[in-house]
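These are the residues of each chain, in order.
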Amino acid sequence: MADVNLTSVARVRAFGSVQANAAVDAIIADLIPPASRVAQKYTGRVFPAVTHTAKRLNGSGTPMQTLPDQPVLAVSSLAVGALALTASTGAGDPTGFTFDRTTVYRTDGAPFPPGLQNVTATWTAGYQAEETQAVPAGNTPTITPTEGGYAATDIGVVAANTGTAFTRVTTAPVAGQYAQANGVYTFNAADAGTAVTLSYYYVPADVEQAVKEMVMLDLKQRTSLGQKSQNLNGQVI
């Protein structure tokens, strides 16, 4: 599974009411990746999204083929042996397919023949959101998305009224540009009041919460490593 951070240092600090401190921030940054891996291993999911290209699957023997990564966002290609299927144009399409959050379906009713590695598919699965907000006023206006959870991976930003794409930069955006890091979008003051549509892959809130709790627990336990007892109000515990 991909080694993706499912939360950020700032978000862990906010959750645990931890004051900003360079040494503590460095420890939190070291704890986030292993906690993120635990969450992905436990759920059997890749967050926030994963794309498989020409992945081979064993035919199900039915007109339905369940994909191993969910929820499914897009299926860009599908083939049964040498027969390439296309996105359906309607019921009874002789070479079409449709899909939902978990499964692809042949619209001609024919089965995916049972067999080893005889189905080839390209698909994206994960958690995707889109929301529109106005760029706030301020010297360095920022927007923190609120749909779904932690906006871990940016897809793009467009002006909501015109569809004009903003250009992503790493730092110091000028008018018509934006930066995105740690779940926060940063704009230029010249774009204040502009309605923008943000598209991103996100980590579900409950998954991120679990990661933050694991990180805070590990952080707290660092102070008691090797400790056998503690004196509290004159009592040794």
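That block above? That's the structure.
Residues numbered from 1 in each chain as written. Predicted model: local features only at pLDDT ≥ 70, side-chain atom pairs only at ≥ 80, totals over all residues. Heavy atoms only, no water.

Draft legend 1. Region of interest: the packing of helix α1 (residues 9-16) against helix α2 (residues 22-43). Axis separation between α1 and α2 bottoms out at 9 Å; the angle between their running directions is 105°. Comparing their axes, α2 and α1 come out roughly perpendicular. Residues Val9, Val12 and Arg13 of α1 touch α2, and the partners they reach there are Asp25, Ile28, Ala29 and Ile32. Residues that form the contact of α1 with α2 fall into these classes: five nonpolar, no polar and two charged. (Axes fitted to C-alpha atoms, helices over the stretch in contact; angles between N-to-C directions. Helix = DSSP H or I, 4+ residues; strand = E, 2+ residues; numbered from the N terminus. Parallel < 35°, antiparallel > 145°, perpendicular 65-115°, else oblique. Contact = heavy atoms within 4.5 Å. Nonpolar A, V, L, I, M, F, W, Y, C, P; charged D, E, K, R; others polar.)

Draft legend 2. Inspection of the sheet that holds strand β12 (residues 177-181) at higher detail. Taken in spatial order, the four strands line up as β9-β13-β12-β11 in an open sheet, and their pairing is mixed. On the outer flanks of this sheet lie β9 (142-143) and β11 (167-168), each paired with one strand and no other. Relative to β12, β11 runs parallel, the two sharing two bridges. Residue pairing across strands places Arg168 opposite Tyr178, the latter belonging to β12. (Pairing = 2+ DSSP bridges.)

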